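# A closer look at the structure
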Amino acid sequence: MTTLQAPKRDFVSMADLDAPALLKLLERAAQLKAQPRGDLLAGKTLALVFEKPSLRTRLSFDVAMAQQGGRALYLSPAEVGLGQREPPRDVARVISRMVDAVALRTHEDEKLAEFARYASVPVINALSEGEHPCQCLADLLTIRERKGRFAGLRLAYIGDGNNVANSLLIGGATVGLDVTIAAPEGYAPPAAVLAIAERRARESGGAVRVVSRPEEAAEGADILYTDVWTSMGQEQEAAVRRQAFAGFSITRRLLARAAPDAIVMHDLPAHRGEEIEDDVIEGPQSVVFDQAENRLHAQKALLVALLSRA
Ligand code: CP
Ligand code: NVA
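Anyway, here's the lowdown on the structure attached to this text. Here the structure is a predicted model, which means the values were calculated and not measured. (Residues numbered from 1 in each chain as written. Chains lettered and ligands numbered in written order. Predicted model: local features only at pLDDT ≥ 70, side-chain atom pairs only at ≥ 80, totals over all residues. Heavy atoms only, no water.)

Okay, the overall build of the protein chain next. Summing up its helical and strand segments, the protein chain has 13 helices and nine strands in all. Taken over C-alpha atoms, the radius of gyration comes to 19 Å for the protein chain, in line with the 19 Å a tight globule of 310 residues would show. Taken over the C-alpha atoms alone, the protein chain extends approximately 55 × 40 × 35 Å along its principal axes. Among the 310 residues that make up the protein chain, the fraction classed as buried is 57%. Partitioning the contacts of the protein chain with sequence separation of at least 6, the portion at a separation of at least 24 is 75%. Placing the 37 positive and 41 negative side-chain charges of the protein chain at their respective mean positions leaves the two points 5 Å apart. (Helix = DSSP H or I, 4+ residues; strand = E, 2+ residues; numbered from the N terminus. Rg over C-alpha atoms; globule rule 2.2 N^0.38 Å. Buried < 20%, exposed > 50% of the residue type's maximum accessible area, 1.4 Å probe, protein only. Contact = heavy atoms within 4.5 Å. Lys, Arg positive; Asp, Glu negative; His and termini not counted. Charge placed at Lys NZ, Arg CZ, Asp CG, Glu CD.)

Structural data, given as structure tokens:
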């Protein structure tokens, strides 16, 4: 990948990939989906350091390594105690002496940055407060499969301007999507993320917009996307958020405003009856399980790019 920094290449943000690198990665992911098994990661070890629960991210990294001859080692929060039992910079240096790469799922982006600074092997953001770039790779792969292009497509994200939204903004703008975020006041993505996405959109011919009404975003959209109102680590805000996000749901009525062949996306886990209606997530336009499967193929392509010369 051209923009990941030498000598050590990390993937902590969608901003770490420029358009050519991102498109190349998606192409590689499609190839690996067609031919999943090989030895591209033979002898390589990936450590999974997770401070939050996970189904998709943990499983997809583990299976991706195994299908290409490598192995993954899961280290639970209780074992590592990042920042409690041991400072991130020490954990990063110890782990770097034994494995070839680390996927870190944590809370604060500062912790991720400290970890990446001290690690001498590639560090992958497996979800932080600020971004979920691995999810975005799978999402873009899914859009590519379903729509066959990015340019000119309109993606409407309905809900919280969170980690998933931030990565989608940057990644979507990089490949030329027209991304609109509909978020309640106070829950829009951070200005710094919007600034990166706007810059990327200017280069790609895409667009970036934030609105306050879900209907405005959904009108004529090719892709409707949503995520939970309350992310991991924000559980104490759940009641306040349920009020703030009322109406920021993908319902049948909202879907009817989108293009007739629109697809519905969600990174999962989903809260039916909150950000998405059961009929919609179970309906024919939903591609949520393609997205989940594509985590495997997209992250395998990422690992190959970071760890092998292939
Ligand atoms: N979408 C996603 O990252 O799922 P997990 O939290 O289960 O890994
Ligand atoms: N925004 C969600 C994504 C979960 C995969 C969270 O951070 O909990």
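Having seen the structure, we can now continue with the description.
Along the chain, Asn 162 falls in the loop between β5 (154–158) and α7 (163–175). On the basis of relative accessibility, which here comes to 7%, the residue Asn 162 falls in the buried class. C-alpha of Asn 162 to C-alpha of Arg 295: the two residues are 133 residues apart in sequence and 19 Å apart in space. Setting aside residues no more than four positions away along its own chain, Asn 162 makes contact with Tyr 157, Asp 227, Val 228 and Ser 231. Reaching out from Asn 162, the side chain makes a polar contact with the backbone nitrogen of Val 164 at a distance of 3.1 Å. (Polar contact = N/O pair within 3.5 Å; in protein donor to acceptor, adjacent residues only side chain to side chain.)

Our next topic: the site of ligand 1. Taken together, Ser 54, Leu 55, Arg 56, Thr 57, Arg 105, His 132, Gln 135, Asp 267, Leu 268 and Arg 295 are the residues near ligand 1. His 132 places a polar side-chain atom, nitrogen or oxygen, 2.8 Å from an oxygen atom of ligand 1. With respect to ligand 1, the backbone of Leu 268 contributes an N or O atom lying 2.9 Å from a nitrogen atom. Protein chains bury 96% of the 250 Å² of accessible surface belonging to ligand 1 in isolation. Residue composition of the shell around ligand 1, by class: two nonpolar, four polar and four charged. (Near = heavy atom within 4 Å. Areas by Shrake-Rupley, 256 points an atom, 1.4 Å probe, with all protein chains shown as cover. Nonpolar A, V, L, I, M, F, W, Y, C, P; charged D, E, K, R; others polar.)

Turning our attention to the side chain of Gln 299. Tracing the sequence through the fold places Gln 299 in helix α13 (residues 288–307). Side-chain polar atoms of Gln 299 contact the side chain of Ser 60, separated by 2.9 Å. Every residue in contact with Gln 299, bar those within four places of it in the chain, is listed here: Thr 57, Ser 60, Phe 61 and Cys 134.

It is worth spelling out the packing of helix α1 (residues 19–34) against α13 at this point. Contact geometry for α1 and α13: axes closest at 8 Å, N-to-C directions at 115 degrees. Classified by chirality, the crossing of α13 by α1 is right-handed. Judged by residue contacts, Leu 25, Arg 28, Ala 29, Leu 32 and Lys 33 of α1 engage Glu 293, Asn 294, His 297, Ala 298, Lys 300, Ala 301, Leu 302, Val 304 and Ala 305 from α13. Residue classes in the contact of α1 with α13 are distributed as eight nonpolar, two polar and four charged. (Axes fitted to C-alpha atoms, helices over the stretch in contact; angles between N-to-C directions. Left-handed = near helix turned anticlockwise from the far one by under 90°.)

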